[in-house]
Amino acid sequence: MKAVIFDSGVLINMSLNGFFYILEPLRKISECKFFITKQVKYEIVDRPSKIPRFELGALRIKDLIDKKIIEMPDILGITDKEISEKTNYFMDKANRLVQVNGRWIEIVSEGEMSCLALSSILSERSFENLIGVDERTTRILAENPREIEKVISNKIHQTTKMVKSDLSEFYKFKFIRTSEILYSAFKLGLIGIKDSRALEACLYASKFSGASISFDEINILKRL
Amino acid sequence: MFIEKDEVEHQINVLKSAKEALLEKNSLVLTELSDQTLHCALKYQNSGSMTMAVVLYSLSKIIERKGYQKIKGWDSLIKKINSLFDLTIKSLEDGNQEAYEDYLMRVRKTLESNAGNLKPIIHDILRKASINKAAKIYEHGISLERTAKMLGITQWELTDYTAQKNYNYPVIDSKLKTKERAFMALEFFRKK
């Protein structure tokens, strides 16, 4: 069994660009499940549904949940407690990584780490899974944590120190962005726009709605 | 002590300079002071520094756009704000975190409640200032959700703003190259 765990950014991105229509066919073709955690749901449905400007976006995501296109992990018997415990574990690790002048810098929050927690639980249950995350910090944390220190120290101009810590647990996570989801949907014929520029248009749209992808990367994807 | 001594001195200097800049209606200095506060906000991630950065930036925008000309009793409003800044300085000197955060929050509320018919505009300026400061913190390597929480805004607002900024993310030298990630995704979705 396969699963994709969505962080807030990917669903916000797809909502802003009107790409939710690809989720159902993508799920059917790949026979995988799409999940969000309770923490992510709070950020993208519960809280914004009380803000007029974002109410429609929040309701669109709620509709996907109501239709079971996106599901909550409890359908697999995974409890909130299990996710919360692992979330706290990963938060502690990530937020005890970088120091500025001797003070810990909290770099991540519950929503992002709950995605890692769920991925970890799914892997333990032999679910092949990917994490859909658009923002760069969570992804770099697992793929090249040294970059986090670089980004912070380049901007803050103060003594920044990366604490030696065992991050091997972070290395096992696999991340994709909205850009790769749209790339896959395009290759699988799900975008439904018959124009030679459709792929690049999708990639630019994902970039301008929050995916941390560079123009160089877009050029690479366009040529694939 | 909630923030270190050198940072306390720095914040006191920022507040003193802000008082002068307000009297001189110097928006450039206020913007600069707001940016300086941001580093402290990032380091301590405390609500006081965040509020200070947002309030100073908002005041700079009101002055820059000559909004103060439309606010009845602007001079007495600035007097009130400067008095609250004095109390903030005192609380910093006393090491009283609660009072420090409370006075800064009162500056924000005073600004909103004394804006007369410009109240919705001031409210909007404060909201946009929070988003602007959040975007700057996000550039410092803090995650999107963490940043949004620090500034009390939603990820929708922050995504909307940062995306419009057309930030060209550097290619991170990660274990997974662009091509491999795309193929990994496609293979994942393709195979049953």
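Residues numbered from 1 in each chain as written. Chains lettered and ligands numbered in written order. Predicted model: local features only at pLDDT ≥ 70, side-chain atom pairs only at ≥ 80, totals over all residues.

**Quick word on the overall build of chain A**
- Counting its secondary structure elements, chain A contains 12 helices and eight strands.
- The globule rule puts the C-alpha radius of gyration for 224 residues at 17 Å, and the 18 Å found for chain A is close to it.
- The dimensions of chain A, computed from C-alpha atoms along their principal axes, are 55 × 40 × 40 Å.
- Considering only residue pairs separated by 6 or more positions, chain A has 73% of its internal contacts joining residues 24 or more positions apart. (Helix = DSSP H or I, 4+ residues; strand = E, 2+ residues; numbered from the N terminus. Rg over C-alpha atoms; globule rule 2.2 N^0.38 Å. Contact = placed C-beta atoms within 7 Å.)

**Section: the packing of helix α10 (residues 178-187) of chain A against helix α11 (residues 198-207) of chain A**
Residues and elements named next belong to chain A.
- With their axes 9 Å apart at the nearest point, α10 and α11 run at an angle of 160 degrees to one another. With respect to α11, the axis of α10 lies roughly antiparallel. Of the two possible hands of crossing, α10 and α11 adopt the one that is right-handed. Every residue of α11 that contacts α10 at Thr-178, Ser-179, Leu-182 and Phe-186 is listed here: Ala-198, Leu-199, Cys-202, Leu-203 and Ser-206.
- Grouping the constituent residues of the contact of α10 with α11 by class yields six nonpolar, three polar and no charged. (Axes fitted to C-alpha atoms, helices over the stretch in contact; angles between N-to-C directions. Parallel < 35°, antiparallel > 145°, perpendicular 65-115°, else oblique. Left-handed = near helix turned anticlockwise from the far one by under 90°. Nonpolar A, V, L, I, M, F, W, Y, C, P; charged D, E, K, R; others polar.)

**Here we look at the sheet that holds strand β4 (residues 98-100) of chain A**
Residue and element names in this part refer to chain A.
- Strand order in this open sheet of three strands is β5-β4-β7, and the pairing throughout is antiparallel. Looking at which strands have only one partner, the edges of the open sheet turn out to be β5 (103-104) and β7 (160-162).
- Sheet topology note: the β4/β5 ladder contains two bridges and is antiparallel. Opposite Gln-99, over in β5, you have Trp-104 as the bridge partner. (Pairing = 2+ DSSP bridges.)

**Notes on α10 of chain A**
All names here are of chain A.
- Among the 10 residues in α10, nine count as buried, and that is most of the element.
- Those residues of α10 lying buried are Thr-178, Ser-179, Glu-180, Ile-181, Leu-182, Tyr-183, Ser-184, Ala-185 and Phe-186.
- Just past α10, the residue Gly-189 takes up positive phi, approximately 75 degrees. (Buried ≥ 20, exposed ≤ 12 C-beta atoms within 10 Å, placed from the backbone.)

**Considerations on helix α5 (residues 80-94) of chain A**
Residue and element names in this part refer to chain A.
- Over its 15 residues, α5 extends 21 Å from the first C-alpha to the last, a length consistent with the 21 Å expected when each residue adds 1.5 Å.
- Of all the residues in α5, the buried ones are Ile-83, Thr-87, Phe-90, Met-91 and Ala-94. Mapping the buried residues of α5 onto a view down its axis gives an arc of 105 degrees, with all of them on the same face. Counted as exposed and oriented over 90 degrees from the buried face of α5: Lys-81, Glu-85 and Asp-92. (Expected span 1.5 Å × (residues − 1). Arc of directions from axis to C-beta.)

**Points about the nonpolar core**
- Within the largest apolar cluster, 114 residues are counted, with the highest numbers of intra-cluster contacts made by Phe-6 of chain A together with Ala-18 and Leu-56 of chain B.
- In this structure, Leu-56 of chain B is in contact with Ala-18, Leu-30, Leu-33, Ser-34 and Thr-37 of chain B, ignoring residues within four places of it in sequence. (Core = buried A, V, L, I, M, F, W, Y, C linked by C-beta atoms within 7 Å.)

**Overview of the interface of chain B and chain A**
- Across the boundary between the two partners, chain B contributes 39 residues, which contact 57 residues of chain A.
- Broken down by secondary-structure element, the contributors of at least two residues to the side of chain B that touches chain A are α2 (27-44), α7 (144-151), α8 (155-164) and α9 (178-190) of chain B.
- Considering each element in turn, the side of chain B that touches chain A owes the most residues, 10 residues, to α9 of chain B.

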